Amino acid sequence: MSTSIDELLSFGEEPAGQDVRPSDGGRARLLLRTAAATAAVVVVIVVGLRAVGLKVPIWIIVAGVLAVRRVTTALSPPPPPRTGARAPAGEEPGTWNWSARDALRTAINGWERPLDWCAGNQERFTERILPRLGELADERLRQRHGVTRESDPARARAVLGEPLWTFLATPVRRPPSPRDLAAIVAELEKI
């Protein structure tokens, strides 16, 4: 069996995961777990309310707990990718610890996951990423020029430049493309 060097070095997208639906046993287990957790939270809330002398119908508490659970599930970020899923292959002896975490990977993940989670969602981008970029700009301004956007807005605006100032000061209508974000980061690095 022969394989060309192009086939070995080509990067093919992995097929997208199929929509995995739990089997009847898995669905029953999920339902039982949800019911048990809901019951436990409802009991705690009812006991707490009765301790302070309040009486609320149980169905309202159950509905509230289920609504909060549904909202938090919908808003939670996707789970991080599994690490160590692939074993290193090749001619190397395999002594490198591929699953070890280093500071650079941690720092990259600190930006990669929120950026991925915010992709295409203006509200998440405005709430999560824009404040981080503002903090970076303020820190660079403080270190290099002794000001922040809050302490001396006029000088900070002059140092940042109009496009970067406008980007940081006004909520975006849509998250910037990767190219636009790279340009923004390049402007931040120039400060």
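Anything mentioned here points back to the structure above.
Residues numbered from 1 in each chain as written. Predicted model: local features only at pLDDT ≥ 70, side-chain atom pairs only at ≥ 80, totals over all residues. Heavy atoms only, no water.

### Remarks on the side chain of T34
As for its placement among the helices and strands, T34 is situated in helix α2 (residues 24-51). Setting aside residues up to four positions removed in sequence, T34 forms contacts with L66 and R69. (Helix = DSSP H or I, 4+ residues; strand = E, 2+ residues; numbered from the N terminus. Contact = heavy atoms within 4.5 Å.)

### Considerations on the nonpolar core
With 19 residues, the main nonpolar core has F125, L133, L160, L164, F167 and L168 as its most contacted residues. Listing elements by their share of this core, those giving two or more residues are α5 (122-145), α6 (153-160), α7 (162-169) and α8 (178-190). If near-sequence neighbours (up to four positions away) are discounted, L168 is found in contact with L130, L133, G134, A137, R149 and L160. (Core = buried A, V, L, I, M, F, W, Y, C linked by side-chain atoms within 4.5 Å. Buried < 20%, exposed > 50% of the residue type's maximum accessible area, 1.4 Å probe, protein only.)

### Some thoughts on the environment of C118
By secondary structure assignment, the location of C118 is in helix α4 (residues 103-118). Judged by its relative accessible area of 1%, C118 is buried. Expressed as a C-alpha distance, the spacing of C118 and R128, which sit ten residues apart in the sequence, is 7.9 Å.

### Some words on the layout of surface pockets
By volume, the second largest pocket amounts to about 240 Å³. For the second largest pocket, the full set of lining residues is W111, L115, I129, L133, L136, R140, L181, V185, L188 and E189. Of the residues that constitute the lining of the second largest pocket, the class distribution is eight nonpolar, no polar and two charged. (1 Å grid on protein atoms, 1.4 Å probe; cavity = no way out; pocket = protein on both sides within 12 Å on 5 of 7 lines; lining within 4 Å. Points joined across faces, edges and corners; volume = space filled by probe spheres on them. Nonpolar A, V, L, I, M, F, W, Y, C, P; charged D, E, K, R; others polar.)

### As for the packing of α5 against α8
As a packed pair, α5 and α8 sit with axes 10 Å apart at the nearest point and diverge in direction by 25 degrees. Considered as vectors, α5 and α8 are oriented roughly parallel to each other. Taking contact as the criterion, the partners of F125, L133, A137 and R140 in α5 are, on α8, L181, L188 and E189. (Axes fitted to C-alpha atoms, helices over the stretch in contact; angles between N-to-C directions. Parallel < 35°, antiparallel > 145°, perpendicular 65-115°, else oblique.)

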